[in-house]
Amino acid sequence: MGPPGAGKGTQAKSISLRYRIPHISTGDIFRKNISNNTTLGLAAKSYIDAGDLVPDNITISLVFDRLNNEDCKDGFLLDGFPRTVEQTAALDNYLSVKGVQLDAVVLLSVPNEFILDRMTGRRSCTLCGASYHIRYNPPVVAGKCDICGSDIIQRKDDTEETLRERLEVYELQTRPMIDYYKPRGILLEVNGTKGINEVFENICDSLGAGKVNDNN
Ligand code: ADP
Ligand code: ADP
Ligand code: ZN
């Protein structure tokens with residue numbers, strides 16, 4: 001977890017490769033559905049464009065459907081979920097029924113003064129969702145994704161106006177989850193203001209010191 005632009009998607013891609021677990025990004029799933037004009041995409045679009053959260057009932061059932069996939073049976077990484085207390089409680093409930101424990105909650109700490117620059121310079125792959133930055137992490141070939149070669153574009157919700165709303169939503173609805181997870185001893189706070197590779201190493205170090213098994 002972490003505020004918009006903290007680097008969740010960037011780090012999640014690397015963690016998922018390193019630990020060989022699927023990367024489940026609610027934002028990516030919503031965006032894919034919007035570009036494919038599905039019913040889910042249609043339902044989510046107006047909320048996303050305004051910088052608001054998609055309603056809990058829609059988001060929760062989408063994540064549970066995804067977690068029921070065979071590829072999640074040996075572990076998974078959630079990126080951008082849960083984001084509300086209601087989603088957190090629903091996830092707890094789902095996991096306890098399945099007899100699955102959350103190993104870790106990684107919190108990327110990035111103060112607000114970094115966020116605007118990260119967000120307005122962000123470019124995203126239309127196919128695989130990979131995040132780039134015009135200055136901090138440019139693709140090798142301009143406009144094309146390093147991983148899958150698809151076009152990279154600026155997200156419609158990455159504007160200064162939407163950012164204000166998204167930061168407010170984070171403070172009011174998502175930040176309270178810190179107090180929910182902290183007492184359980186699974187919250188790993190990592191300084192997200194360092195370079196991308198350094199943040200990744202720090203996440204792996206703190207996961208290594210925690211309960212997660214690194215099978216590589
Ligand atoms: P960021 O972390 O940069 O804000 P995401 O890609 O995680 O971006 O999310 C983009 C948008 O998708 C959010 O602003 C919100 O509208 C919607 N969204 C993503 N995850 C959730 C969620 N768990 N609950 C509700 N809405 C979500
Ligand atoms: P989130 O998923 O939390 O919204 P992203 O992973 O998409 O965030 O990162 C937001 C933007 O900041 C992207 O343009 C990304 O390339 C850039 N970025 C991510 N991590 C760092 C970092 N440690 N230093 C500088 N820029 C970063
Ligand atoms: Zn791609």
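Trainee: Which parts of the structure should I look at to understand the pairing of strand β4 (residues 122–125)?
Mentor: Regular strands place their side chains on alternate faces of the sheet. Pairing geometry for β4 and strand β5 (residues 131–133), over three bridges, is antiparallel. For R122, the partnering residue across the bridge sits in β5 and is H133. A loop of five residues connects β4 with β5, the two strands running antiparallel in sequence, and G129 in this loop sits at a positive phi of about 85°. The pairing of β4 with strand β6 (residues 152–153) spans two bridges and is classified as antiparallel. Bridging from a neighbouring strand, S124 pairs with I153 of β6.

Trainee: What is the right way to read the side chain of Q87 from this model?
Mentor: Turning to its location among the elements, Q87 is positioned in helix α5 (residues 85–98). Residue class for Q87 comes out buried when judged on its relative accessible area of 2%. When sequence neighbours within four positions are dropped, the list of residues in contact with Q87 reads D56, T59, I60, F81 and P82.

Trainee: Which parts of the structure should I look at to understand the nonpolar core?
Mentor: Counting 23 residues, the largest nonpolar core has F64, L67, L78, L91 and Y181 as its most contacted members. Among the secondary structure elements, those contributing two or more residues to this core are α4 (56–67), α5, β3 (105–109) and α8 (176–181). If we skip the residues at most four places from it in the chain, F64 touches A90, L91 and Y94. Listed in part, the 20 residues of the second largest apolar core include I115, L163, F200 and C204.

Trainee: Explanation requested: the coordination of the zinc ion (ligand 3) in the structure shown.
Mentor: A four-donor tetrahedral metal ideally has 109.5 degree angles, and a six-donor octahedral metal ideally has angles of 90 or 180 degrees. For the zinc ion (ligand 3), the protein coordination sphere consists of C125 (SG), C128 (SG), C145 (SG) and C148 (SG), at 2.3 Å. One can describe the donor arrangement at the zinc ion (ligand 3) as tetrahedral, given that its four donor atoms subtend angles of 96 to 119° at the metal. Read in sequence order, the donor residues coordinating the zinc ion (ligand 3) give the pattern C-x2-C-x16-C-x2-C. What makes C125 buried here is its relative accessible area of 5%.

Rules of the game
Residues numbered from 1 in each chain as written. Chains lettered and ligands numbered in written order. Predicted model: local features only at pLDDT ≥ 70, side-chain atom pairs only at ≥ 80, totals over all residues. Heavy atoms only, no water. Pairing = 2+ DSSP bridges. Helix = DSSP H or I, 4+ residues; strand = E, 2+ residues; numbered from the N terminus. Buried < 20%, exposed > 50% of the residue type's maximum accessible area, 1.4 Å probe, protein only. Contact = heavy atoms within 4.5 Å. Core = buried A, V, L, I, M, F, W, Y, C linked by side-chain atoms within 4.5 Å. Donors = N, O, S within 2.8 Å, 3.2 Å for Na, K, Ca; no water. Tetrahedral: all angles 85-135°; square planar, octahedral: opposite > 155°, others 65-115°.

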